[in-house]
Amino acid sequence: MSVKNNYIIVSLYSTVFIIIAIITVYFPLWLKTSLGFDTNEIGFLLSSIGIIKFFSNFLIISKIKNFNYLKIAMSTLAILVILLFIIIVSFQPLLSKPLYMTLISFSLLLFAPILPMTEAVFNISKNRFSENYGKIRLSGSLSFLLTVLLIGIFIEQYSLDIYPVLFLAASFILLINIIFIKNQNSSINVLGYKNNIKGLI
């Protein structure tokens, strides 16, 4: 794998964890403060999405046959997440709460497979996966911690209204990273995914 592709994959992995940090730490606060969701609604929304996405990840990834399909799938999901979030923010006064919850749920479900897909990209691109996975994962963990710290500073400085801007900026960076991943003629072994989901059930 080339040095350039190395940096792109590290950047991709870091960006995924930046978005995970934005969603995990500040998304519930934004739902409550800016969109008027109560605690029960936020809890129900996030917990139900967590259960559904656990199984949807296997179903989505099991349909991807090779690396180029994987890249197309990741790009498509990133674009859909961006479009949905723009709709959510732009048409906030016009949308009912049930429709809001539906759009938010759908956007979270679309983002859910991005992390396992990113790990699949690294697995295919790196010959010594087991030796280097810890290093690449560390970049994600550091990105998570720094994002939580920096966004806290931004929100304190500019208020929670800046949240949509930060989310969309991170999502656009994610899309750019996906686009610049080098294409490879590699197949993806989906048998493991199918066996794992059967075992879990």
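Before going into details, it helps to say that this report is about the structure given with it. No experiment lies behind these values; they were computed from the predicted model shown. (Residues numbered from 1 in each chain as written. Predicted model: local features only at pLDDT ≥ 70, side-chain atom pairs only at ≥ 80, totals over all residues. Heavy atoms only, no water.)

1. Side note on the overall build of the protein chain
For the protein chain, the helix and strand inventory stands at 8 helices and 0 strands. Mapped from its N terminus to its C terminus, the protein chain presents α and β elements in the order α-α-α-α-α-α-α-α. Counting over 201 residues, the protein chain shows a buried share of 46%. Residue pairs at least 24 apart in sequence account for 85% of intrachain contacts in the protein chain once pairs closer than 6 positions are excluded. Of the accessible surface of the protein chain, which amounts to about 10,900 Å², a share of 67% is contributed by carbon and sulfur atoms. (Helix = DSSP H or I, 4+ residues; strand = E, 2+ residues; numbered from the N terminus. Buried < 20%, exposed > 50% of the residue type's maximum accessible area, 1.4 Å probe, protein only. Contact = heavy atoms within 4.5 Å. Areas by Shrake-Rupley, 256 points an atom, 1.4 Å probe, with all protein chains shown as cover.)

2. Thoughts on empty space enclosed by the protein
Throughout the structure, instances matching the rule amount to 2 cavities of 30 Å³ or more. Here the largest cavity is characterised by a volume of approximately 60 Å³. Lining of the largest cavity is provided by I23, F27, V81, F85, S107, L108, F111, Y163 and F167. At the level of elements, α1 (3-33), α3 (67-90), α4 (97-111) and α7 (163-179) are the ones that each hand at least two residues to the lining of the largest cavity. Split into classes, the residues belonging to the lining of the largest cavity amount to 8 nonpolar, 1 polar and no charged. Its volume calculated, the second largest cavity comes out at about 50 Å³. Every residue along the wall of the second largest cavity is listed here: I19, A78, V81, I82, F111, F167, S171 and L174. (1 Å grid on protein atoms, 1.4 Å probe; cavity = no way out; pocket = protein on both sides within 12 Å on 5 of 7 lines; lining within 4 Å. Points joined across faces, edges and corners; volume = space filled by probe spheres on them. Nonpolar A, V, L, I, M, F, W, Y, C, P; charged D, E, K, R; others polar.)

3. As for the nonpolar core
The biggest cluster of nonpolar side chains holds 60 residues, and the ones touching the most others in it are F27, W30, L31, I104, F111, Y163 and L174. Those elements giving two or more residues to this core turn out to be α1, α2 (39-61), α3, α4, α5 (114-125), α6 (129-158) and α7. With 14 residues, the top contributor of residues to this core is α1. (Core = buried A, V, L, I, M, F, W, Y, C linked by side-chain atoms within 4.5 Å.)

4. A closer look at α4
Over its 15 residues, α4 runs 21 Å from end to end, which matches the ideal 21 Å to within 8%, given 1.5 Å per residue. All of the buried residues in α4 are Y100, M101, L103, I104, S105, S107, L108, L109, L110 and F111. (Expected span 1.5 Å × (residues − 1).)

5. Remarks on the side chain of K71
Turning to its location among the elements, K71 is positioned in helix α3. In this view, K71 contacts I178, I179, I181 and N183; residues no more than four positions away in its chain are not counted.

6. Describing the packing of aromatic side chains
The final tally for this structure, using the stated rule, is 9 aromatic pairs. Their ring planes at 35° and their centres at 6.2 Å tell us that F27 and Y163 sit as a pair that is tilted. Here F27, found in helix α1, pairs with Y163, found in helix α7; they are 136 residues apart in sequence, far enough to count as distant. Three or more aromatic residues joined by ring pairs form one cluster here, namely F27, W30, F85, Y163 and F167. (Phe/Tyr/Trp six-rings, centres within 6.5 Å; stacked < 30°, edge-to-face > 60°.)

Taken by themselves, the reported measurements are silent on function.
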